[in-house]
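Examination of the molecular architecture
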Amino acid sequence: MKIMIIGATGMAGQALVTTALNRGHQVVAVARSAEKLATLPSNPNLTSIVRDAFSLTTTDLSAVDAVVDAFATAPDHAYLHVDLATHLISQLRETTTPRVAFILGAGSLTTGDDAHLFVHDLEQDPHAASFINVPQNQLKELTFLRDVDNVNWFGVSPAADFHPGEAQPALLGTDTLLFNDQQQSGTSTGTMAVAILDELETPKHHQTRFTVADK
């Protein structure tokens, strides 16, 4: 499979590149920094492209079997999560290939006895003030995607603590924030990468979001 990874030099993107290459896929790594792209693993199946994701065209996207949006940005530009999703979707209307995966936030998951959105808990946490724009805009991104019925997309949300790390045995869910037996709610980048590659290789979710956490 030929997989384009947008944001390939970021926290999630690097894990996706490594996992995809280890599984024998061809990877097209897209990022804006040539210097950062040069730090990715040397592999004959890896092609690096210095590019602004917003300049990707239908022709660019249709040259691969799958696209993974692992784009990340500073909180003061968090609206770009929504803008990039709308750009990618606009380029792929009325298509079935490539399949497009979006890494979404945990804020759009429900939690608690009243099944409220986790982002509302974050909004009450003063420690989250510096980054709250990100989960808020990732919720808007999911809301937009849920109205898209003519592009082959799916989304994946991590648990509350999304952090670098090796793949762990995983818990899978749909729209509810997951906790393991120790009442920890975390997802490593390795676990996220495995979940996305598993879904690309064996599709189970179509035009919907699921969630993954470390067991």
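Residues numbered from 1 in each chain as written. Predicted model: local features only at pLDDT ≥ 70, side-chain atom pairs only at ≥ 80, totals over all residues. Heavy atoms only, no water.

**Concerning the packing of aromatic side chains**
For the coordinates displayed, the defined rule picks out 2 aromatic pairs. On the basis of an interplanar angle of 90° and a centroid distance of 6.3 Å, the ring pair of Phe-54 and Phe-71 is categorised as edge-to-face. In this pair, Phe-54 sits in the loop between strand 3 (46-50) and helix 3 (58-62) while Phe-71 sits in the loop between strand 4 (66-69) and helix 4 (80-91), placing the two residues 17 residues apart along the sequence. A relative accessible area of 30% means that Phe-54 is categorised as partly exposed. Given the relative accessible area of 14%, Phe-71 is considered buried. When the ring of Phe-154 is compared with that of Phe-210, the centres are 6.2 Å apart and the planes differ by 20°; the resulting orientation is stacked. One end of the pair, Phe-154, is in strand 8 (residues 153-157); the other, Phe-210, is in strand 12 (residues 209-214), and 56 residues separate them in sequence. Each member of the pair Phe-154 and Phe-210 is classed as buried. (Phe/Tyr/Trp six-rings, centres within 6.5 Å; stacked < 30°, edge-to-face > 60°. Helix = DSSP H or I, 4+ residues; strand = E, 2+ residues; numbered from the N terminus. Buried < 20%, exposed > 50% of the residue type's maximum accessible area, 1.4 Å probe, protein only.)

**Looking at helix 4**
Here helix 4 contains 12 residues, and its C-alpha end-to-end distance of 16 Å stays within 8% of the 16 Å for a straight helix at 1.5 Å per residue. Buried residues of helix 4: Leu-80, His-81, Val-82, Leu-84, Ala-85, His-87, Leu-88 and Ile-89, and no others. Buried residues along helix 4 sit against strand 1 (2-6), helix 3, strand 4, strand 5 (99-103) and helix 6 (133-145). (Expected span 1.5 Å × (residues − 1). Contact = heavy atoms within 4.5 Å.)

**As for the sheet that holds strand 5**
The strand order across the open sheet formed by 8 strands is 3-2-1-4-5-8-12-10, and the pairing between neighbours is mixed. What marks the edges here is a single partner per strand, and that holds for strand 3 and strand 10 (170-173). With direction set aside, neighbouring strand axes in the sheet form an average angle of 20°. Across 5 bridges, strand 2 (residues 26-31) lies against strand 3 in parallel orientation. The residue of strand 3 that forms the bridge with Val-27 is Leu-46. This element, helix 4, spans strand 1, strand 4 and strand 5 of the sheet and lies at about 175° to strand 5. The sheet strands contacting helix 6 are strand 4, strand 5, strand 8 and strand 12, and the helix crosses strand 5 at an angle near 150°. (Pairing = 2+ DSSP bridges. Axes fitted to C-alpha atoms, helices over the stretch in contact; angles between N-to-C directions.)

**Regarding the pairing of strand 5**
Counting buried positions over the 5 residues of strand 5 gives 5, a clear majority of the element. Where burial is concerned, the two faces of strand 5 agree: the one with Arg-99, Ala-101 and Ile-103 and the one with Val-100 and Phe-102 are both buried. Relative to strand 5, strand 4 runs parallel, the two sharing 4 bridges. Paired with Val-68 across the strands is Ala-101, a residue of strand 5. What joins strand 4 to strand 5 is helix 4, and the crossover it makes is right-handed. Strand direction decides the pairing type here: strand 5 and strand 8, joined by 4 bridges, are parallel. (Right-handed = clockwise from strand over helix to strand, strands pointing away.)

Coordinates in, geometry out; function isn't part of it.
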